[in-house]
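Architecture and fold: a report
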Amino acid sequence: GLDKEPLYQPVLAPGAAPVAYTSKTHVDHALDVAAAKIDPGVAAELRVLCAPPLAAPKAAAVGMHVVKVGATTGVTEGIVTALTPLVRVEPRPSAPPGYNLTDGGDSGAAWLESATGSPVAIHIAANPTGPEFSEAVPLAAIAAWGLLFA
C-alpha cells in the first residue's frame, strides 16, 4: 500500500472526503495488520458500537470471554481457547449449532474482553474448513506502534 493512502467510510457518497490515511510506518505484513490515522477534521469516538465501553488494553488469556463487532457478522461472542502466538477464539460452548463467529469482511475487528471492554486482539482470519474459530493478533504485538488510544 501507499503511505497516506486515503480511506473512506463505506456509507458515504462517492467523492466524499477521506476519514483516515494509511501509515506506511505502521504496517506488519507478518502479522497481517496495518494502522491508519484519522483525519483531524473527522469527529471520532473511542468506542465500538454495540460493545461494552472501551477500557485499557490487556493481554488475552485462555478461558477469557470476548466479544467483537464484525462488518459481516455483527456482534459475536466467543471464548479464548489458545495463544499460539495468535489468539484463537472459538464459539462459547452454549452457542447454538451453526453459530457464525466470524466471516469474510470481519478482519480488523477488535476482540474485547466481555466483562471489561478491554481490547485484547485484532481479528485477522477464520477457519475456512472445519470447526468455527477466529485467529487474531494479540494487541501486545502491535501496541509498540504507540497508536492505541492516541
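Now for a description of the structure that goes with this document.

Analysis parameters
- Residues numbered from 1 in each chain as written.
- Predicted model: local features only at pLDDT ≥ 70, side-chain atom pairs only at ≥ 80, totals over all residues.
- Heavy atoms only, no water.
- Helix = DSSP H or I, 4+ residues; strand = E, 2+ residues; numbered from the N terminus.
- Buried < 20%, exposed > 50% of the residue type's maximum accessible area, 1.4 Å probe, protein only.
- Contact = heavy atoms within 4.5 Å.
- Areas by Shrake-Rupley, 256 points an atom, 1.4 Å probe, with all protein chains shown as cover.
- Pairing = 2+ DSSP bridges.
- Core = buried A, V, L, I, M, F, W, Y, C linked by side-chain atoms within 4.5 Å.
- Polar contact = N/O pair within 3.5 Å; in protein donor to acceptor, adjacent residues only side chain to side chain.
- Salt bridge = Lys/Arg side-chain N within 4 Å of Asp/Glu carboxyl O.

**Focus on the overall build of the protein**
Broken down by element type, the protein carries 1 helix and 9 strands. Seen in sequence order, the protein has helices and strands lined up from the N terminus as β-β-β-β-β-β-β-β-β-α. Across the 150 residues in the protein, those meeting the buried criterion constitute 29%. Within the protein, residue pairs in contact and separated by at least 24 positions form 45% of the contacts whose partners lie at least 6 positions apart. When the accessible area of the protein is evaluated, it comes to approximately 8700 Å², of which 60% is carbon and sulfur surface.

**Let's talk about the pairing of strand E9 (residues 134-138)**
The pairing of strand E6 (residues 87-91) with E9 spans 3 bridges and is classified as antiparallel. Bridge assignment links valine 87 to a residue of E9, and that residue is alanine 136. Pairing of strand E8 (residues 119-126) with E9 involves 5 bridges; the strand directions are antiparallel. Each residue of the ladder has a partner; that of histidine 123, found in E9, is alanine 136.

**As for the environment of alanine 110**
Looking at the element boundaries, alanine 110 is found in strand E7 (residues 110-113). On the accessibility criterion, alanine 110 (22% relative accessible area) is partly exposed. Each C-alpha atom, one on alanine 110 and one on proline 138, is 9.9 Å from the other, the two residues being 28 residues apart in sequence. Setting aside its immediate chain neighbours within four residues, alanine 110 contacts Val67, Lys68, Val69, Ala121 and Ile122.

**What to know about the nonpolar core**
The nonpolar side chains of a soluble globular protein tend to be buried with one another. Ranked by size, the top nonpolar core spans 11 residues in total: Ala60, Met64, Val66, Val80, Val87, Val89, Leu101, Trp111, Val120, Ala121 and Ala136. Every element with two or more residues in this core is listed here: E6 and E8. Formed by 5 residues, the second largest nonpolar core is a distinct cluster that contains Ile122, Ile124, Leu139 and Ile142.

**Side note on the side chain of glutamate 113**
Looking at where glutamate 113 falls in the secondary structure, it is placed in strand E7. For glutamate 113, a relative accessible area of 12% puts it in the buried group. Polar side-chain contacts of glutamate 113 include one of 2.6 Å to the side chain of threonine 116. In contact with glutamate 113, other than residues within four places in its own chain, are Pro52, Lys58, Met64, His65, Val66, Ser118 and Val120.

**Notes on the pattern of salt bridges**
This model, assessed by the stated rule, comprises 4 salt bridges. When the shortest N-O distance is used, the salt bridge between lysine 58 and glutamate 113 registers 2.9 Å. In this pair, lysine 58 sits in the loop between strand E3 (33-38) and strand E4 (65-70) while glutamate 113 sits in strand E7, placing the two residues 55 residues apart along the sequence.

**Looking at the side chain of aspartate 106**
Among the structural elements, aspartate 106 can be located in the loop between E6 and E7. With a relative accessible area of 1%, aspartate 106 lands in the buried category. A polar contact is formed between the side chain of aspartate 106 and the side chain of lysine 68, at a distance of 3.0 Å. Leave out the neighbours within four places in its chain, and aspartate 106 touches Lys68, Gly70, Ala71, Thr72, Thr73, Leu101 and His123.

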